[in-house]
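Coordinate inspection notes
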Amino acid sequence: MVEILIDIGISVALLLSIVTLAAFLTFVERRLLGFWQDRLGPNRVGWEGSLQVVADMIKIFFKQDWTPSFVEPVIFVLAPAIVLVTVLLAFAVLPLTPGIGIAGHLNIGVLFFLGMTSLTVYGVVLAGWASNSKFALIGGMRAAAQMISYEVFMGLALIGVVMQSGSFDLVKIVEAQRHLWFVVPQFFGFIMFLIAGIAEAHRLPFDLPEGENELGAGFHTEYSSMKFGMFFVGEYASIVLISSITVILFFGGWNGPFLPPIFWFMLKISLFIGFFILLRAALPRPRYDQLMSYGWKLMLPLSIINVAVTGALILSVPA
Amino acid sequence: MYIYSSLRTLWFTFLHLFHKTETIQYPEQKPYLSPRFRGRIILTRDPDGEERCVSCYLCAAVCPSDCISLQKSSIEGDWTPEHFRINFSRCIFCGLCEEACPTSAIQLTPDFEMSEYRRSDLVYEKEHLLISGTGKVPDYNFYRVAGVSVRGKAKGEALNEAPPVDARGLMP
Ligand code: SF4
Ligand code: SF4
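Let me begin by describing the structure that accompanies this report. The written sequence of each chain sets the order in which its residues are numbered from 1. Whichever chain is written first becomes A and whichever ligand is written first becomes 1, with later ones labelled in order. Only residues with pLDDT of at least 70 are given local features in this predicted model, and only at 80 or more are side-chain atom pairs given and counted; all residues enter the totals for whole chains, interfaces and linings. Remark: hydrogens and water are excluded; side-chain values derive from all non-hydrogen atoms of the structure.

**Considerations on the site of ligand 2**
- Around ligand 2 sit 13 residues in total, of which C53(B), C56(B), Y57(B), C59(B) and C101(B) are the nearest.
- As a working rule, the residues Ala, Val, Leu, Ile, Met, Phe, Trp, Tyr, Cys and Pro are called nonpolar, Asp, Glu, Lys and Arg charged, and the rest polar, with Gly in that last group. A per-class count over the shell around ligand 2 returns 11 nonpolar, 2 polar and no charged. A single heavy atom is enough: if one lies within 4 Å of a molecule or strand, its residue is considered near that molecule or strand.

**Examining helix α1 (residues 2–15) of chain B**
- Across its 14 residues, α1(B) extends 20 Å between first and last C-alpha, which sits within 8% of the 20 Å expected from 1.5 Å per residue.
- Looking only at α1(B), the buried set comprises S6(B), L10(B) and T13(B). With its buried residues spanning 70° around the axis, α1(B) presents them on a single face. Projecting away from the buried face of α1(B) at angles above 90 degrees are the exposed residues Y4(B) and L7(B).
- Any two residues whose heavy atoms approach within 4.5 Å at even a single point are treated as in contact. Only DSSP runs of H or I with at least four residues qualify as helices, and only runs of E with at least two residues qualify as strands; both kinds are numbered from the N terminus onward. If you follow the buried residues of α1(B), they end up packed against α1 (2–36) and α10 (261–282) of chain A. Expected span of a helix, by definition, is 1.5 Å for each gap between consecutive residues, and there is one gap fewer than residues. Buried, partly exposed and exposed residues are distinguished by accessible area as a fraction of the type maximum, computed with a 1.4 Å probe on protein chains only: under 20%, between the cut-offs, and over 50%, respectively. To obtain the arc, one takes the directions from the helix axis to the C-beta atoms.

**Examining the side chain of S133(A)**
- Tracing the chain through its elements places S133(A) in the loop between α4 (109–130) and α5 (134–165).
- Setting aside chain neighbours within four positions, we find S133(A) in contact with F70(A) and E222(A).

**Brief notes about a nonpolar patch on the surface**
Residues and elements named next belong to chain A.
- Patch members must show over 30% relative accessible area and no salt bridge, and they are joined within 9 Å when carrying like charges or within 5 Å when they are nonpolar side chains of Val, Leu, Ile, Met, Phe, Trp or Tyr. The Shrake-Rupley method, run with a 1.4 Å probe, gives the accessible areas here. Residue values count only the displayed protein chains as cover. Salt bridge, as used here: a side-chain nitrogen of Lys or Arg that lies within 4 Å of a carboxyl oxygen of Asp or Glu. Taken together, the side chains of M1, V2, I4, L5, I6, I8, V12 and L16 define a hydrophobic patch exposed on the protein surface, amounting to about 840 Å² of accessible area.
- By the element assignment, L16 lies in helix α1.
- Assessed through its relative accessible area of 54%, L16 is described here as exposed.

**Quick look at the interface of chain A and chain B**
- Tallying the contact residues gives 15 residues for chain A and 17 residues for chain B.
- Overall, the association of chain A and chain B removes approximately 1,400 Å² of surface from exposure, summing both partners, and the carbon and sulfur fraction of that is 61%.
- Two parts lose some accessible area (1.4 Å probe) when they are put together, and adding that loss for both gives the buried area. Together, W36(A), D38(A) and R44(A) form the three largest contributors to the area buried by chain A at its contact with chain B, with a combined 42%.
- Between the two partners, chain A and chain B, sit 1 salt bridge.
- For the salt bridge of E28(B) with R44(A), the shortest nitrogen-to-oxygen distance reads 3.2 Å.
- Nitrogen and oxygen atoms within 3.5 Å of one another constitute a polar contact, given that in protein one can donate a hydrogen and the other can accept it, and given that sequence-neighbouring residues count only through two side-chain atoms. Our enumeration of links across chain A and chain B arrives at 7 residue pairs in polar contact (both at pLDDT 80 or more).
- Those elements giving two or more residues to the side of chain A that touches chain B turn out to be α1 and α10 of chain A.

**Brief notes about the pattern of salt bridges**
All names here are of chain A.
- With the rule as written, the count across this model stands at 17 salt bridges over all chains.
- Ionic pairing is found between R285 and D207, a salt bridge with its closest N-O pair at 2.5 Å. In this pair, R285 is assigned in the loop between α10 and α11 (288–316) and D207 in the loop between α7 (187–200) and α8 (212–215), connecting sequence segments 78 residues apart.
- Given a relative accessible area of 23%, R285 falls into the partly exposed group.
- For R287, the salt bridge is made with D289, and the minimal N-O distance between the two is 2.9 Å.
- Taking relative accessible area as the criterion, R287 reaches 51% and is therefore assigned exposed.
- Counted as one network, the salt bridges with shared partners bring together E29, R203, E235 and R280.

**Quick look at the nonpolar core**
- Residues grouped as a nonpolar core are buried Ala, Val, Leu, Ile, Met, Phe, Trp, Tyr and Cys residues, joined through side-chain atoms within 4.5 Å. In terms of nonpolar packing, the biggest core is built from 70 residues, with F91(A), L94(A), F113(A), L170(A), F193(A), L249(A) and F250(A) touching the most fellow members.
- Looking at this core, the element that brings in the most residues is helix α9 (residues 225–250) of chain A, giving 12 residues.
- Contacts of L94(A), omitting those with residues within four sequence positions, involve I100(A), G101(A), L170(A), L241(A), S244(A), I245(A) and I248(A).
- If you look at the next biggest cluster of nonpolar residues, it comprises 23 residues, including C67(B), F84(B), C101(B) and M114(B).

**What about the packing of aromatic side chains?**
- Any pair of Phe, Tyr and Trp rings, taking the six-membered ring for Trp, is counted once the centres come within 6.5 Å. Such a pair is stacked with planes under 30 degrees apart, edge-to-face with planes over 60 apart, and tilted for the rest. Enumeration according to the criterion identifies 25 aromatic pairs over all chains in this entry.
- A centroid spacing of 5.2 Å and a plane angle of 70° characterise the contact between F251(A) and F272(A), whose relative ring orientation is edge-to-face. Placement of F251(A) in the loop between α9 and α10 and of F272(A) in helix α10 is noted, with a sequence separation of 21 residues between them. Take F251(A) and F272(A): they sit in the same class, and that class is buried.
- Taking the centre distance of 5.9 Å and the plane angle of 85° together, the rings of F14(B) and F18(B) count as edge-to-face.
- The exposed category is assigned to F18(B), whose relative accessible area is 60%.
- Grouping aromatic residues by their ring pairs yields a cluster made of W181(A), F187(A), F188(A), F190(A), F193(A), F250(A), F251(A) and F272(A).

**Re the site of ligand 1**
- Around ligand 1 sit I41(B), C63(B), P64(B), S65(B), C67(B), I68(B), C91(B), I92(B), F93(B), C94(B), G95(B) and C97(B), and those are all the residues in its vicinity.
- Considering only residue class, the shell around ligand 1 consists of 10 nonpolar, 2 polar and no charged.

**Observations regarding the packing of α9(A) against α10(A)**
Residues and elements named next belong to chain A.
- One can describe the packing of α9 onto α10 by two numbers: an axis separation of 9 Å at closest approach and a directional angle of 125°. If you check the angle between α9 and α10, you find them oblique. Where α9 crosses over α10, the handedness of that crossing is right-handed. Residues Y236, I239, V240, I242, S243, S244, T246, V247 and I248 of α9 form the contact with α10, whose participating residues are F265, K268, I269, F272, I273, F276 and R280.
- Across the contact of α9 with α10, the residue classes tally to 11 nonpolar, 3 polar and 2 charged. In this analysis an axis means a line fitted to C-alpha atoms, helices contributing only their contacting stretch, and an angle means the value between N-to-C directions, from 0 to 180 degrees. Angle categories: roughly parallel below 35 degrees, roughly antiparallel above 145, roughly perpendicular from 65 to 115, and oblique for all the rest. When the near helix sits turned anticlockwise from the far one by under a right angle, the crossing is termed left-handed; a clockwise turn instead gives a right-handed crossing.

**Section: unusual backbone geometry**
- The backbone phi angle of N132(A) is positive, close to 60°, even though this residue is not glycine.
- Here N132(A) lies in the loop between α4 and α5.
- Backbone geometry at S55(B) places phi at a positive 55°, although glycine is not the residue there.
- A relative accessible area of 4% places S55(B) in the buried class.

Just geometry here; none of it tells us what the structure is for.
Structural data, given as structure tokens:
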């Protein structure tokens, strides 16, 4: 009984901290983008702008929650929830430290993560479709095509890690990296996983589903108020998610000398989050056909080669 | 090649973290505005303290947003405007009125802090526009260089002005 209560407590605390972190990231991102463009970014509300998030929250809650007359109302309301819920569910399998984590030893952790990120695409596509407007629909279709293609080699890219650690269990994968982070033997796998991760989170430079210059705001063109806020928080939560899973799979998770595990984990994921923001500051969007041909003609063959080479090495070098 | 240039871009963007920011934190920190900055419009007086404006309507005619409205005084021989109104909610601060003005009466100044809570407060009347000084052109008096006779100056007495020719005496 007590254990269940503790588990529930941890889950709720994790959920709240992830949502808070995701909301706070909107501020961090604007500040960092500002510095990278030689600006200051929002620095008025609170100390150095740290309460900007609160101001934004108040604003977004008081906006009119408008459901346009031409939309498919049920799905229209459901879509942002799907995005946020699937992203948050994926956090369930992440082991933050040996003790903190909701699912613990789940022997299909990696698969669960992949499944949940795939489900996110439903939210996006349904949002585009239910909006009943051309920009949203094009955005949704782009999202579907992009995420399905990038998912393929996202899965293939981390097969190398699974082969080396011999388990789909994320805790075991982290423990297997005690001496050597998988980024060293699986460098190409890491690069491809990262690229696929950016595309999965549809972050710049791969945010074609919402390409502002040609689609307005893409799949969330018709959304306002907190329904839009949920897409927004969902996007930032998925940045946290992709950063965490990259750290877990390739950078040794909580492993690190001296300091407590949670600190190492936080440090590593903040570096990745910073890198995600840097990508946004620095790189332009590719064209849509370029995006697709990178995915299918470059990344997919490379990841298959990576799997083959890893397999061959594991078989030829007896442990 | 594409990968190399992307990485290079990332690195250079990252270095900007250590650059000085360009932002001027406006209400606390004022930006430098050059004397030629095109801001709030004024009507100036000549060095003798008379109004420079001669109600020629050139500024109103040239104004691309049609925001100047003026009316010559109804008194015979008085060429100052009776009313002079600029609607700053429409003015685009292009400075064309200043260029068109033959007497340098209308001038733009380096001041842009003119926000109001009501639009109607942005309509400036002559008493808001007219200042007591000469503005940017300290020693220019239109009547002293133009060939018209005014109080205190007969024809031909102005700067660089030849005395009037007696048209009848020109006969061969
Ligand atoms: S600055 Fe331009 S827009 Fe403004 S009053 Fe003069 S001519 Fe008109
Ligand atoms: S152009 Fe100058 S002199 Fe003519 S009406 Fe305008 S302000 Fe007066």
